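Descriptive structure summary
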Amino acid sequence: MPAYAIISDVHANLEALQAVLAEIEKEEIDSILFAGDCVGYGPDPNECIELLRTKASLVIAGNHDWGAVDLTDVRDFNAYARVAIDWTRDVLTAQNFSYLQDLPLTQKISGDRAIFLVHGTPKEPDQWHYFLFEFDAKVNFRSFNEQICFLGHSHIPFIVERSPRGKTRSFYARAEVKDGCRYIVNAGSVGQPRDGNPEASYVLFKDDAIEIKRVSYDILLTQKKMKKAGLPSYLITRLSEGR
Ligand code: ZN
């Protein structure tokens, strides 16, 4: 079975992305899967898109990616997110703008441990729902056929396992992947974690185990760049609090 790293919600945070990619480099990984939201909130959208394009083998769109290129309505975004998305739209290069416009909402990998990749939920990928609790698992497991679904969007990493009898349980660090069981895995966020831990989050899937990993990065440098770009101070301070 190939070994994967799954990353999500980079949100134009280049320092966090570089730190995570440097960690992934040390693992024996065959491919990197990206679960959406390359841009929005952070100061380096173009750099992050260009880096992801070279490193990730599968890339899908998040609501901020589509919001920045007018494919999704940003009136639902909160005020801070909207300011950041308007800023992002202005600084995107024409090439990166059309790259984001062409991103699909889902991707699939067939094989022994088949994978479904989506940003929000498998049930309605274009509605940008949050997958937050085991409760959300019941309906969503019916909405994809693969054994494992990797997603992002809530910025809170966790793993839900569903037994063949339909019983679910959650893991917050590591889970063995068993035949007959199915999984929904939230990879957390590289560039703006919200689970109280400011370290970048990503997921490793190798040797039939799924593991949530955390990586420290130069938060102060990212915050400095955000300040210089004139991005909202609420978005700047939340990075050091991981919320
Ligand atoms: Zn996000």
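Now for a description of the structure that goes with this document.

Cut-offs and rules
Residues numbered from 1 in each chain as written. Predicted model: local features only at pLDDT ≥ 70, side-chain atom pairs only at ≥ 80, totals over all residues. Heavy atoms only, no water. Phe/Tyr/Trp six-rings, centres within 6.5 Å; stacked < 30°, edge-to-face > 60°. Helix = DSSP H or I, 4+ residues; strand = E, 2+ residues; numbered from the N terminus. Buried < 20%, exposed > 50% of the residue type's maximum accessible area, 1.4 Å probe, protein only. Lys NZ or Arg CZ within 6 Å of the ring centre and 35° of its normal. Pairing = 2+ DSSP bridges. Axes fitted to C-alpha atoms, helices over the stretch in contact; angles between N-to-C directions.

1. Quick word on the packing of aromatic side chains
Overall, the coordinates contain eight aromatic pairs when judged by the stated rule. Seen in terms of ring centroids, Phe131 and Phe158 are 5.7 Å apart; in terms of plane orientation they differ by 5°. Their pairing is stacked. A residue pair is termed long-range when its members are at least 10 positions apart, and Phe131 in the loop between strand 5 (115-118) and helix 6 (134-141) and Phe158 in strand 7 (residues 158-162) qualify at 27 residues. Residue Phe158 is classed as buried on the basis of its relative accessible area of 3%. Each residue in the set Tyr4, Phe150 and Phe205 is aromatic and connected to the rest through ring pairs, giving one cluster. Arg182 extends its terminal NZ or CZ atom over the ring of Phe144, reaching a point 4.5 Å from the ring centre. The ring of Tyr41 has Arg238 lying over it, and the distance from NZ or CZ to the ring centre is 6.0 Å.

2. Some details on the sheet that holds strand 10 (residues 182-186)
Pairing is mixed across the open sheet formed by six strands, whose spatial order is 4-5-6-10-7-8. The open sheet has two free edges, formed respectively by strand 4 (106-109) and strand 8 (168-171), since each of these has just one partner strand. Mean inter-strand twist for the sheet, computed between neighbouring axes without regard to direction, equals 15°.

Note that all results are geometric; they support no functional claim without further evidence.
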